[in-house]
Amino acid sequence: EDEEDEEERIAKARRDELSNKLEQMAKDEVAKAKAAKLEKLYNFKAPPPKDAEGEFGSDEEDDDEDEGESGSDSDSDSESDSEEDPDEKRNAEREAERLARLENAKKARIMRMEKSMKERSPTDLRSPIVCIMGHVDTGKTKLLDKIRRTNVQAGEAGGITQQIGASFFPAEKLREVTKDLCKVSPVDVNVPGLLIIDTPGHESFSNLRSRGSSLCDIAILVIDIMHGLEPQTIESLHMLRAKKTPFIVALNKVDRLYDWKEQPWTPFREALASQAEHVQGEFEDRAAKAKLALAEQGLNAELYWKNTDYRENISIVPTSAITGEGIPDMLQLIVMLTQKFMVQRMMWCAEPQATVLEVKVVEGLGHTVDIILANGQLRQGDTIVLCGFNGPIVTTVRALLTPQPLKELRLKADYIHHECIRGAQGVKISANNLEKVVAGGALMVLNNPKDEDELEVLKQEVMVDLAKLAKTVSDLSDGDGVYAMASTLGSLEALLEFLKKSNIPVHAINIGPVHKMDVIRASTQLERHNPEYATILAFDVPVVRDAEKHAEDLGVKIFTAQIIYHLFDKFTQYMVEVKAKKQEAARLIAAFPCIVNIIPEFIFNRGGPGDPFVAGMVVKDGVLRRGSPLCVINLPAAGREEDGPTIVELGRVASIEKDKKPVDELKKGQSGAVKVDTPSNVTFGRHFTATSVVYSRMTRESIDALKEHFKDELSKDEWQLVIKLKRMFAII
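What you see is a predicted model, and the numbers here were worked out from it, not measured in a lab. (Residues numbered from 1 in each chain as written. Predicted model: local features only at pLDDT ≥ 70, side-chain atom pairs only at ≥ 80, totals over all residues. Heavy atoms only, no water.)

Peer 1: Just to check I follow, could you spell out the overall build of the chain for this structure?
Peer 2: Summing up its helical and strand segments, the chain has 22 helices and 32 strands in all. Out of the 732 residues belonging to the chain, those deemed buried represent 47%. Accessible surface, the chain: about 37000 Å² in total, of which carbon and sulfur atoms supply 49%. (Helix = DSSP H or I, 4+ residues; strand = E, 2+ residues; numbered from the N terminus. Buried < 20%, exposed > 50% of the residue type's maximum accessible area, 1.4 Å probe, protein only. Areas by Shrake-Rupley, 256 points an atom, 1.4 Å probe, with all protein chains shown as cover.)

Peer 1: I tried to follow the pattern of salt bridges on my own but got confused; where do I start?
Peer 2: Two side chains bearing opposite charge may form a pair once their charged atoms approach each other closely. Tallying each qualifying case throughout the model produces 24 salt bridges. Close ionic contact of glutamate 302 with lysine 291 constitutes a salt bridge, the shortest N to O distance being 3.1 Å. With glutamate 302 in strand E9 (residues 301-303) and lysine 291 in helix H11 (residues 277-296), this residue pair connects regions lying 11 residues apart in the sequence. A relative accessible area of 24% places lysine 291 in the partly exposed class. By sharing partners, the salt bridges in this structure join Arg112, Glu351 and Glu454 into a single network. (Salt bridge = Lys/Arg side-chain N within 4 Å of Asp/Glu carboxyl O.)

Peer 1: Is there a simple way to think about the side chain of serine 692 in this case?
Peer 2: Relative to the elements of secondary structure, serine 692 occurs in the loop between strand E31 (671-677) and strand E32 (693-696). The class of serine 692 is buried, set by a relative accessible area of 13%. Here threonine 689 takes part through its backbone nitrogen, which lies 3.0 Å from a polar atom of the side chain of serine 692. Other than its neighbours up to four places away in sequence, serine 692 contacts Ile598, Val632 and Asn634. (Polar contact = N/O pair within 3.5 Å; in protein donor to acceptor, adjacent residues only side chain to side chain. Contact = heavy atoms within 4.5 Å.)

Peer 1: Just checking my understanding: could you explain helix H12 (residues 327-341) for this structure?
Peer 2: Count 3.6 residues to each turn of an α-helix, and residues three or four apart come out pointing the same way. Between its terminal C-alpha atoms H12 stretches 21 Å, which fits the 21 Å expected from 15 residues at 1.5 Å a residue. Along H12, 13 of the 15 residues are buried, which leaves the element largely enclosed by surrounding structure. (Expected span 1.5 Å × (residues − 1).)

Peer 1: Can you help me understand the packing of helix H4 (residues 86-118) against helix H14 (residues 452-462) in this one?
Peer 2: Helix packing geometry: the angle between the two helix axes and the distance between the axes. The geometry of H4 relative to H14 is characterised by a closest axis approach of 8 Å and an angle of 80° between their N-to-C directions. Between H4 and H14, the angle falls in the class roughly perpendicular. Only Asp453, Glu454, Glu456, Val457, Leu458, Gln460 and Glu461 of H14 make contact with H4, whose side of the interface consists of Arg98, Arg101, Leu102, Ala105, Lys106, Arg109 and Arg112. (Axes fitted to C-alpha atoms, helices over the stretch in contact; angles between N-to-C directions. Parallel < 35°, antiparallel > 145°, perpendicular 65-115°, else oblique.)

Peer 1: Hey, could you run me through the side chain of threonine 678 in this one?
Peer 2: Inspection of the secondary structure puts threonine 678 in the loop between E31 and E32. Only 3.4 Å separates the side chain of threonine 678 from the backbone oxygen of aspartate 611, close enough to count as a polar contact. Once residues within four sequence positions are removed from consideration, threonine 678 is found in contact with Gly607, Gly608, Asp611, Pro612, Phe613 and Leu650.

Peer 1: Help me out: how do you make sense of unusual backbone geometry in this one?
Peer 2: Peptide bonds are, in most cases, trans, and in most cases residues other than glycine have a negative phi. The residue aspartate 540 is not glycine, and still its phi comes out positive at about 65°. Among the secondary structure elements, aspartate 540 is positioned in the loop between strand E22 (535-539) and helix H19 (545-554). Its identity as a non-glycine residue notwithstanding, aspartate 659 has a phi of 55°, on the positive side. Within the fold, aspartate 659 resides in the loop between strand E28 (646-658) and strand E29 (661-663). On the accessibility criterion, aspartate 659 (66% relative accessible area) is exposed.

Peer 1: Is there a simple way to think about a nonpolar patch on the surface in this case?
Peer 2: Taken together, the side chains of Ile520, Leu526 and Leu554 present a nonpolar region at the surface, about 200 Å² in accessible area. Its location among the elements puts leucine 554 in helix H19. (Patch = residues over 30% accessible without salt bridge, like charges linked within 9 Å, V, L, I, M, F, W, Y side chains within 5 Å.)

Peer 1: What is the right way to read the pairing of E31 from this model?
Peer 2: The side chains of a regular strand alternate, first on one face of the sheet and then on the other. In this sheet, E31 lies alongside strand E25 (residues 611-622) in antiparallel orientation, the contact comprising 6 bridges. Paired with phenylalanine 613 across the bridge in E31 is valine 676. In this sheet, E31 lies alongside E28 in antiparallel orientation, the contact comprising 5 bridges. Bridge pairing in E31 places glutamate 657 opposite alanine 673. (Pairing = 2+ DSSP bridges.)

Dropping the structure here:
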């Protein structure tokens, strides 16, 4: 428990620092944008700072300049030139030299990368990185579990190596699994294996990215044959198409077809051929429905053995995560597609390319980072640069670790130490100063530890993503907005992009679990009188218990969801509720415009002390609503015109009946019985008569309330009536 508390404390401190950093970066971006606009519009330049009196001349000289004495100007300028600080000149020269060195370091790095790309060979391939995506309960995890156990029979402790955040399948085991299938359709396995990401779902896909392009080479989109496309499946499709990532469809749960006879680990066509005719018919029907659903999303799909054009059509592989049918087909298809169509991408390159999956505390090792090494190689002792909460982190690799094959991952003794690891692999790195690393950020390797210029270039590159996020927030907000949180940098980018498209402002962001400090920051919107924005949108992150309690106390709403669309739905529903509450409260202030005539034949109650005024009324203009305050305007008596008209307040409309049924409003031309709660000193016949024209009582406050809360409810004609009544009541 002490260790957990310590980890929690460190995590909290780390995240607070990140939040402060992001807020400052956002403010800096806003300041830069304002300065740029000023300079562009007015050719504005800020005056240089006055370091000491006399550098730009004395106060007297300034006065002389104001008075326009040119001789004094020239003296001041010559003094300024003659007294130019040599230190400043040297500093400027040094800065120019430094920038030139950085530019040379960038060019050298680009040249080195180009050289590495040229040295690649089609005979030296890396392992494809495969992500599993799909809706909840489609069998993603079960499918992965089944693949992992592919060759673990009779307690065999070899073959499939468990990697950090991924499962690695060596080439020899792939050959073994697909040997029966190769008799029908032979495929040579030339890749070292397959690296299948061990965190099924879209979050791993959004994390595996490098400068906006995904590190994922090919994806498996799992669809439940019984349910077809579901919301998260469609979201996954959008993500795959946005990143232009090739994928295949695993049509899972074929074992749930009625009367399906199990054929464990059999190639699918062989398993299907042995089924009864009605089972084959049901499969064909459901496969056709899946193809139709994909066609509705704009995708051409075909069962993989009928697919004649892999570039144009998506391949569908029917599978069973329970009994294993179709899994050999799926693995062979991935190998075939990557080897046939993605050789350029699959060629191994010496330049390392890696991304951080998550930061973990491991007993005996301290803070470690789990990374996906997509390409290149890492050595023990390498100097690495990572994106950190408070800036770039430079550290030395102390240990490169992978777990023992098929052993418990939590035991420290089970980790294998490596001197060198080639991509693509999932690796745990042990090093110093990793506690502030941002999950989802890039990891870069310093080629020459003594080259300070290259180090400076890498520091700038790893912080690019965080700087972009800060700029996004500054673009989205002017101080008002929600508090956005996500588990990693990639998830946060996806969330901010979605909020931007949805026109939801964001005032602050953070990464990691929701803590008490996040709630306090979100509560600042209450002080700005924006209760609807005193909300935390937490995408794929847990909420700490004390944060929940503190949110209840402060009145901050926390919305959590695993799917971005669900988060949006929850927030929009909340905004609808907030708007309804605000409107209900504003109805006591707002006055909807209307002009009403009293029907003389239907005076049911004249009003007076304790009695309401009840009469038949017809709406001449506007809409008479329940709750509207009414009044009449009495002209001055003859000979007393200087007194001006007097306004008699009649009170608010308590209820309306039309055809003996209660209604909330009467529109233009409609009539009904109206009950008005009149003040005790106002009675019909004494203060107003049947000939009096009744108006809704407009004030500055009521008009403002209409504009703020009921703008969309009023028609164009009603707004014209508001303007007319505004002039009548002389409202400024």
